Amino acid sequence: MRWIWIDKFTAFEPRKSATAIKNVSLAEEHLHDLYPDFPIVPHSLIIEGMAQTAGILVGQANDFAEKVILAKISRATFHRLVRPGETLTFNARIDQMAEHGAATSGTVTVGEDLVAEMEIMFSHIDQNMSGMQFPEHNFVFTEQFASLLNSYKDSLKVLL
Amino acid sequence: MTRDEIYEKVKDVLVDALGVDDEDVTLDAKLRDDLGAESIDFLDIVFRLEKAFGIKIPRGEMFPEDIFTNPAYVKDGKVTPDGLAELKKRMPHVDLSALETDPDVNNIRFTVTTVINYIESKLNENK
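Cut-offs and rules
Residues numbered from 1 in each chain as written. Chains lettered and ligands numbered in written order. Predicted model: local features only at pLDDT ≥ 70, side-chain atom pairs only at ≥ 80, totals over all residues. Heavy atoms only, no water. Salt bridge = Lys/Arg side-chain N within 4 Å of Asp/Glu carboxyl O. Helix = DSSP H or I, 4+ residues; strand = E, 2+ residues; numbered from the N terminus. Buried < 20%, exposed > 50% of the residue type's maximum accessible area, 1.4 Å probe, protein only. Core = buried A, V, L, I, M, F, W, Y, C linked by side-chain atoms within 4.5 Å. Domains from an automatic or database assignment. Contact = heavy atoms within 4.5 Å.

## Focus: the pattern of salt bridges
Summed over all chains, the structure comprises 20 salt bridges over all chains. A salt bridge links R75 of chain A to E119 of chain A; the nearest nitrogen and oxygen atoms lie 3.1 Å apart. Here the residue R75 of chain A occupies a position in strand β3 (residues 68-78), and E119 of chain A occupies one in strand β6 (residues 113-124), the gap between them amounting to 44 residues. When its relative accessible area of 36% is taken as the criterion, R75 of chain A is described as partly exposed. Note on E119 of chain A: relative accessible area 25%, which makes it partly exposed. Close ionic contact of E86 of chain B with R90 of chain B constitutes a salt bridge, the shortest N to O distance being 3.3 Å. With E86 of chain B and R90 of chain B both in helix α4 (residues 81-90), this residue pair falls four residues apart, about one helical turn. Note on R90 of chain B: relative accessible area 27%, which makes it partly exposed.

## Some points on the nonpolar core
Counting residues in hydrophobic clusters, the biggest one holds 39 residues, and the most contacted among them are V10, L31, L49 and V112 of chain B. Those elements that place two or more of their residues in this core are α1 (3-18), α2 (39-53), α4 and α6 (112-125) of chain B. With seven residues, α1 of chain B is the single largest residue contributor to this core. When we break this core down by domain, the ones giving at least three residues each are domain 1 (1-59 + 110-127) and domain 2 (64-109) of chain B. Each residue touching V112 of chain B, except ones within four places of it in the same chain, is listed here: Y7, V10, L14, V25, T26, L27, A29, L31 and L35 of chain B. By size, the runner-up hydrophobic cluster in this structure holds 38 residues, among which are A18, V82, A102 and V140 of chain A.

Below, the structure written as structure tokens:
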């Protein structure tokens, strides 16, 4: 299984905002783990989807030179459950950005319904306060994440 | 803005950033030891203070992070005389009295009062 919780970007404004969608399929194993006979998307994975949407937005802002790590979920409020067959839309925006990290916020919707609201902070771990060293290779933004953004760019070319 | 008004806003910021109760945010409360702030929380606090007071806080100006990672200033968990001089110069808002008697790096008391001192000087600077 690939640790990727968004299917594609549908909007991307560098250093400002991004929108991604995820189609929820009954075939996904994890839907069946929380409640027997009542498959739902776990809230933790909805947060992960938002973290991936916002994380790629923050990473792209510095051309993926920084290793962007989810550092803090400042707030996550959920309003409704998400069931198989539904499409999640993650709307993320950068609120504040500094040398050593960024603060983002956003909403998750299914159609017109508000599913969740979140504030997530990311750290540029090479700029951490303790001076800890990490490998030079950017292990955060792997080929999987790069291909998501590239396919969005490609889709624009097709549309244009 | 009066010092009390600054305190009220700082209190709101710390309650939101650290998930602590209003009454925990006393003037003497230490951000790390008493209010449980971890490294990312310091960036969160900086962002929230910038928004609340409409100011820009350059890296390392309020929290002396780069001093701790510089071996000339901190050696084996102790602040060197050069480090103390640097802290005094760059961090007039921090109470360094405990550090004068014992150079243990943990004696740098970063309290709610420290944040208020910093904001007050920053707002005066912008006048």
